[in-house]
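A look at the structure
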Amino acid sequence: MPQNKVLEQLQENLQLVYRQAIDADNKLNGLQQAGHGKFQAVFADDQGFRTRSNRFLPYVKELAEELAEMQQEAELTPEDLQLMVKRLALLLKTLQAFKRQA
């Protein structure tokens, strides 16, 4: 698959994750107001994110910024793409699990 097509797919998936993250963060806000949801971060330090937050949107923002940087680069390494896909998949999986449990 050409590099541009891969970046387009990543962008589309990131938009999907963004909408889901807004919904999830709203639910988390409600849980926190009710005295629940007392955790420090959505993801552990070893899961590939630099961000540390108890909401989803900051993680989406991190990926969006990295994707914008990737789109400016002339040549992407397979490792860069793999890391982006891995973290995007983890974010999607976590959002889906949260939605099922919330």
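Report follows, based on the coordinates.

About the criteria used
Residues numbered from 1 in each chain as written. Predicted model: local features only at pLDDT ≥ 70, side-chain atom pairs only at ≥ 80, totals over all residues. Heavy atoms only, no water. Patch = residues over 30% accessible without salt bridge, like charges linked within 9 Å, V, L, I, M, F, W, Y side chains within 5 Å. Areas by Shrake-Rupley, 256 points an atom, 1.4 Å probe, with all protein chains shown as cover. Salt bridge = Lys/Arg side-chain N within 4 Å of Asp/Glu carboxyl O. Lys, Arg positive; Asp, Glu negative; His and termini not counted. Charge placed at Lys NZ, Arg CZ, Asp CG, Glu CD. Helix = DSSP H or I, 4+ residues; strand = E, 2+ residues; numbered from the N terminus. Expected span 1.5 Å × (residues − 1). Buried < 20%, exposed > 50% of the residue type's maximum accessible area, 1.4 Å probe, protein only. Arc of directions from axis to C-beta. Contact = heavy atoms within 4.5 Å.

This part is about a negative patch on the surface. Residues E69, E73, E79 and D80 make up a contiguous surface patch of negative charge. Among the structural elements, E73 can be located in the loop between helix 2 (57–72) and helix 3 (78–101).

Between its first and last C-alpha, helix 2 extends 23 Å over 16 residues, near the 22 Å set by a 1.5 Å rise per residue. Residues Y59, V60, E62, L63, E66, L67 and M70 constitute the buried set of helix 2. All buried residues of helix 2 fall inside an arc of 155° around its axis, so they share one side. Exposed positions of helix 2 whose direction lies more than 90 degrees from the buried face are K61, E69 and Q72. Among the structural elements, helix 1 (3–33) and helix 3 are those in contact with the buried residues of helix 2.

Fair warning: the whole summary comes from geometry, so function is off the table for now.
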